[in-house]
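Spelled out from the first residue to the last, the chains are:
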2 protein chains.
Amino acid sequence: MSEKADLLFTNAIVLTMDQTMQQFEPGAVAIHGDSILAVGLEADLKKQYPDAKTFDCGGKVLMPGLVNAHTHVPMTLLRGLADDLRLDVWLLGYMMPVEREFVSPDFVQLGTLIGCAEFIRSGVTAFADMYYFEEDVAKATVKAGLRGVLGQTVLKFPSPDAGSYEDSLEAAREFIVGWKGHDLIVPAVSPHAPYTCTPDILRACATLAAEYDVPLHTHIAETAFEVENMRMQENMPVVPYIKKQNLFDAKLLLAHCVHVDQGEINTMKHYNTGVAHNPSSNMKLASGMAPVTRMLAEGLNVGIGTDGPSSNNDLDMFEEIRLAAFMAKTRENDPTALPARQAMLMATRMGAEAMHIGEITGSLEAGKRADLILVDLDTLHNNPRFRRDPDGIYAQLVYAAKSTDVTDVMVNGRWLMQDGELTTINLPALMEEANQYAKRIDQFLIKREQSVLSKLIAIGGATEGESYEVQAKVQISEPEISIESLKKPELEIVYSRHYQEFDTYFIFNDPEQGSVRHREDEFINADGEVAYVRSRLTHVGPRREQEFPSKVMLSRSRFLAPATQSLRFLREYFTPDREMFIEKDRLRWLVRYKQEEFYVNIDTVKTPQLGHYLELKSRTWSRTDAEEKAALITELITLLGADPEKTVTQDYAEIVGDQLRG
Amino acid sequence: MSEKADLLFTNAIVLTMDQTMQQFEPGAVAIHGDSILAVGLEADLKKQYPDAKTFDCGGKVLMPGLVNAHTHVPMTLLRGLADDLRLDVWLLGYMMPVEREFVSPDFVQLGTLIGCAEFIRSGVTAFADMYYFEEDVAKATVKAGLRGVLGQTVLKFPSPDAGSYEDSLEAAREFIVGWKGHDLIVPAVSPHAPYTCTPDILRACATLAAEYDVPLHTHIAETAFEVENMRMQENMPVVPYIKKQNLFDAKLLLAHCVHVDQGEINTMKHYNTGVAHNPSSNMKLASGMAPVTRMLAEGLNVGIGTDGPSSNNDLDMFEEIRLAAFMAKTRENDPTALPARQAMLMATRMGAEAMHIGEITGSLEAGKRADLILVDLDTLHNNPRFRRDPDGIYAQLVYAAKSTDVTDVMVNGRWLMQDGELTTINLPALMEEANQYAKRIDQFLIKREQSVLSKLIAIGGATEGESYEVQAKVQISEPEISIESLKKPELEIVYSRHYQEFDTYFIFNDPEQGSVRHREDEFINADGEVAYVRSRLTHVGPRREQEFPSKVMLSRSRFLAPATQSLRFLREYFTPDREMFIEKDRLRWLVRYKQEEFYVNIDTVKTPQLGHYLELKSRTWSRTDAEEKAALITELITLLGADPEKTVTQDYAEIVGDQLRG
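Values in this document were obtained by computation on a predicted structure and should not be read as measured data.

Calculation criteria
Residues numbered from 1 in each chain as written. Chains lettered and ligands numbered in written order. Predicted model: local features only at pLDDT ≥ 70, side-chain atom pairs only at ≥ 80, totals over all residues. Heavy atoms only, no water. Helix = DSSP H or I, 4+ residues; strand = E, 2+ residues; numbered from the N terminus. Contact = heavy atoms within 4.5 Å. Domains from an automatic or database assignment. Buried area = accessible area lost by both parts, 1.4 Å probe. Salt bridge = Lys/Arg side-chain N within 4 Å of Asp/Glu carboxyl O. Polar contact = N/O pair within 3.5 Å; in protein donor to acceptor, adjacent residues only side chain to side chain. Nonpolar A, V, L, I, M, F, W, Y, C, P; charged D, E, K, R; others polar. Least-squares fit on C-alpha atoms with pLDDT ≥ 70 in both. Phe/Tyr/Trp six-rings, centres within 6.5 Å; stacked < 30°, edge-to-face > 60°. Buried < 20%, exposed > 50% of the residue type's maximum accessible area, 1.4 Å probe, protein only. Lys NZ or Arg CZ within 6 Å of the ring centre and 35° of its normal.

### A word on the environment of Glu234 of chain A
Thinking step 1. Within the element layout of this structure, Glu234 of chain A appears in helix H7 (residues 224–234).
Thinking step 2. In this view, Glu234 of chain A contacts Asn229, Tyr241 and Lys244 of chain A; residues no more than four positions away in its chain are not counted.

Have a look at this one:
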């Protein structure tokens, strides 16, 4: 090579991570402009480039920068917001409500810059991102000087940057058109996941990615639950499903792939799919352990990612590489699985190949961009160093070294960190801004969590409602009397229903919080079979509004219907102090009496065994109306053969509570 | 509290890790001498101790020092020596041979001091150790200023510090007598593991520990293999077995406990056993994932350990705590399992309780020793910080913070690190010494690994032998002719045998290395059944010593008998370039012919199918003897109905090799 070198790195342990995993010690690397000219022994390159300015690496490791194959970098601002929660509680209960409220171009640029600072500090030179306002991720990434494959998120719900998926698809197209061909940025499109996109969205994204020949970066098969649902709904696992939606027409980067089978791996290999393995995230969220050794054996390009810093909770690739090796050994029950050398390869060249930028970065080879780092192994926790085994240097880096051992970082021939000092990012001011966001987010969540009701509204979206009811309840020993009495001519029966009702009450020590009732109604048809089931969530307020004669009550409740989340989700989200379960058989009539409509319930409380109750209820909207209906309810109690003197003011939860205390 | 405080820590986020997990912000801690006087809000303690010298913590976290519940600290000197190997290859192939050669009081003190430096840097204030020359571990630990529960190893094999277990038991007794009552050191006895000790050793250790009321620290149920063997040999799992050997008479600290069942956990709980969970080591060696959440649910004190730095490869407790949380979530398939707060508790108070020093350390409480650390959360990867959830601070420490965030460490009221500077250890000189050891160890292993033979000797101990044989081999089509011919009067039959022989050859590209043959002999009795099996390992040298007329050969072999390691171990240890498998049926006679003894083998080679061979062999010791026997062998070939012109010089491996190449 006769080209002139701008800079010659000398006195280094050079790990090329190239096809033959060449090492040079003392090694050298020659740079010209943004690219690598030559890599070899110091003695050879000194002869070849006698006039180049030299940079003495002081015996440190000189290697390609680490490649983070999957992250959501602006979420740096949400690090540590909520932990030790199940995926849905974490995502639907915390991340999404906070994102809806706070994510903006400003938020995204700030989070990206701080995340990039952490990347640079820990030796990452390229990353694959997926978030909202990806245009702003790109701007901040360029400012930081890092290399990014950046995917604009598209999904079927309204998102912080788009009211509809058409909007976000259009934004993705604009982003791709605007940034394609940039030195540092490869724009991409990111349909969020098969289960958050419609088939149409997936197909549109595949078409877009193929049209512009850019990567398509998405999440698949992260949890067993996702795969189960896919099998139930589509009768196939996830990979065939996305194949059906044409995703393999695009250059794919598939994050997670925790639950994929051999056939799916074969399909992915056939299409040269990139995989991003996310060790910390998969362990922290208990998603499972991906079949990494099998994917590698089939020749797939498997990179390593940190995932977002809110499910990790940092962007430390050294941790991820070590954990990738540890997880593979644990999963395969084989300590020789995924040795250090291979784990480091995943985090460099193979990761770049998975991101479809392998031709320009990921290894120290002539012609590739100068994306490189220096790692100081002359630190306490890296000593002593054994040299017998040439793979020992990878083991040292993977099992003992820390991200804090990275001292210098160059991307595209430009210094981003020198001797531990960031050169492109002014950190203190940014961190101050980040903590201002944290304070506002804290306030938002603290306010929300002050009341059970506001927590309910936060996850339920706009379906809040409110109702006032006049009601009375009386214990009866023989339900048949009341059922017979309903045939009286004064009563017109509008309709009748039969349910089995399963109620779970979440109860809080603070009585002002009221309680949350999760009700599952089984509708029983004329043949005594369950016709269908619905679930509803009701917030039962703390106070009775008013009490009328004969213990007829005016009550108010707010509700969200239907309950789309599982009881388990709700339990982990609301973290009640106590729970109570009540099962009852309910015969219900809607009757008309003196021009007014009333619900008549004849309940048999089966768990716990409380016997039979007659309930009378009517919706109301004014004081006068409520007073009139209260009087009519007293008449109806008598009419239905019960004793108005025996009415009780408590609801079932209170009756059970009193019994428990008694 | 009216006692005078020497020092008042102020302006801290104080995490007490006490029974109610109190936090104080801004908090303070008052110290007098070696102990904590008071912990509380800064405002309160300032009033209480107005005259105390104050130490402004600058808003850092002030918490109890981390407790490393299981390690082998001198192995710091063997960090990175051999990785990505199976436990037995790593232990028997590398660790033990190197330890036999290098471990000395000097080695142990050096390794301990460097390990202690790493402990201090990463916020560890107390650790439980198990190694050889534990007296020297204690001296170095005192020099470093750390707190240690230090166990002198006892095992049934000769060890670097004892020719027999009686010697090491005596050393343990002396160690305990000498150090009991020390401010920093709690001496202990460490029978290595049930499978490396005899029942007598275990009982003697239990008696010793009980006699002096010191902890007994051992490894149990680390691998599924250990438990399988125990069930096979003793018809019970490990915990009942050690109970039978009286181990529960002592204050127990049981490392690993990866493969224990509910009954065993109950037994351990009954005896207030401490458990040391070792996340990195268990993952790196693929030992499995311990049932930590179940043990915690039963109320066991489960601490966290790094294990030795040669199976980790560092002493970073921050990594271990995070990994403990990650592993529990993965094992239980539940992201809410082992939340950060509980993981941090395991690494502080609960770890101290597991080590039976909970009354003096592990939490910030009045009366306990002043063992504490400062952690700086005002670093890039720890920002932003959310305050809504009081458990968020534990999540920040566990999921985002790094060991390098520890800035100050105090043990027993004495500073060991201030603002990142070690105060008791002069590191550069020690690291230079460590690298001198590393060079010598490298040389030792490089020399050993230069030849297959020396690798064989390294694992085989002293059983090397050598033999010279005169031999000839000739293909025959009808073995019956030779069998009949053996009845001739010239031949006296001394005995006859029948084997099935299964030979695996390890072959190396370098022909000078010779090959290693692993032979499994099944002895077939008169009823045609396998009477017993033996395995032998033979190194087949590269050269024939001499060839006589009729292709009678003089050959030399060196061997180690029996082969105690599995074929899988040998494969991973020798890493041959090729392997070959040969199975044959061998009828063998020892015959006397003209006053000399000869082995007659009539072999049917079944895998691959090579047909039948007649082999004649005789041990020899001199050139004259060899020549005479070579002539007699030629006669015997004819006598046994074969054709001396058809003899071949190759052994079976060569015949098969030629066929494969052909």
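### Some words on the domain arrangement of chain A
Residue and element names in this part refer to chain A.
Thinking step 1. Domain annotation of chain A identifies domain 1 (7–59), domain 2 (66–438) and domain 3 (452–661).
Thinking step 2. Between the C-alpha centres of domain 2 and domain 3 the distance comes to 50 Å.
Thinking step 3. Here domain 2 and domain 3 share an interface that buries about 650 Å² over both sides, 54% of which is from carbon and sulfur atoms.
Thinking step 4. Joining domain 2 to domain 3, the criterion identifies one salt bridge.
Thinking step 5. With its nearest N and O atoms 2.4 Å apart, the salt bridge here joins Glu572 to Arg86.
Thinking step 6. Viewed at the interface, domain 3 and domain 2 are joined by one residue pair in polar contact (both at pLDDT 80 or more).
Thinking step 7. Looking at the side of domain 2 that touches domain 3 residue by residue, the classes come out as four nonpolar, one polar and three charged.

### Let's talk about the relation of the copies chain A and chain B
Thinking step 1. Once turned by 180° and shifted 0.1 Å along the axis, chain A lies on chain B with an RMSD of 0.3 Å. Expressed as an axis order, the relation between the two copies is that of a two-fold axis. The rotation axis passes nearest to the C-alpha of Thr404 of chain A in chain A, at a distance of 3.8 Å.

### Concerning the interface of chain A and chain B
Thinking step 1. Taken together, the contacts link 70 residues of chain A with 70 residues of chain B.
Thinking step 2. For the pair chain A and chain B, the two sides together bury roughly 5,700 Å², of which 59% comes from carbon and sulfur.
Thinking step 3. A per-residue breakdown of the area chain A buries against chain B is headed by Leu380, Phe386 and Arg388 of chain A, which together make up 16% of the total.
Thinking step 4. For the salt bridge of Glu319 of chain A with Lys402 of chain B, the shortest nitrogen-to-oxygen distance reads 4.0 Å.
Thinking step 5. Breaking the side of chain A that touches chain B down by element, the ones donating at least two residues are helix H2 (87–102), helix H3 (105–121), helix H10 (279–284), helix H12 (317–332), helix H15 (392–400) and helix H16 (427–450) of chain A.
Thinking step 6. For the side of chain A that touches chain B, the leading source of residues is H16 of chain A, giving ten residues.
Thinking step 7. Residues of the side of chain A that touches chain B, tallied by class, amount to 33 nonpolar, 16 polar and 21 charged.

### Description of the packing of aromatic side chains
Thinking step 1. Scanning the entire structure with this criterion turns up 34 aromatic pairs over all chains.
Thinking step 2. When the centroid spacing of 5.2 Å and the interplanar angle of 35° are considered together, the rings of Phe55 of chain A and Trp415 of chain A count as tilted. Taken together, the positions of Phe55 of chain A in strand E4 (residues 53–56) and Trp415 of chain A in strand E16 (residues 414–418) put the pair 360 residues apart, joining distant regions of the chain.
Thinking step 3. Aromatic pair Phe326 of chain B and Tyr399 of chain B: ring centres 6.0 Å apart, planes at 10°, arrangement stacked. Here Tyr399 of chain B lies in helix H15 (residues 392–400) and Phe326 of chain B lies in helix H12 (residues 317–332), a separation of 73 residues in the sequence. In terms of burial, Phe326 of chain B and Tyr399 of chain B fall into one category: buried.
Thinking step 4. Members of the aromatic cluster, joined through ring pairs, are Tyr94, Phe506, Phe569, Tyr573 and Phe574 of chain A.
Thinking step 5. Above the ring of Tyr599 of chain A, the side-chain terminus of Arg588 of chain A is found at 4.3 Å from the ring centroid.

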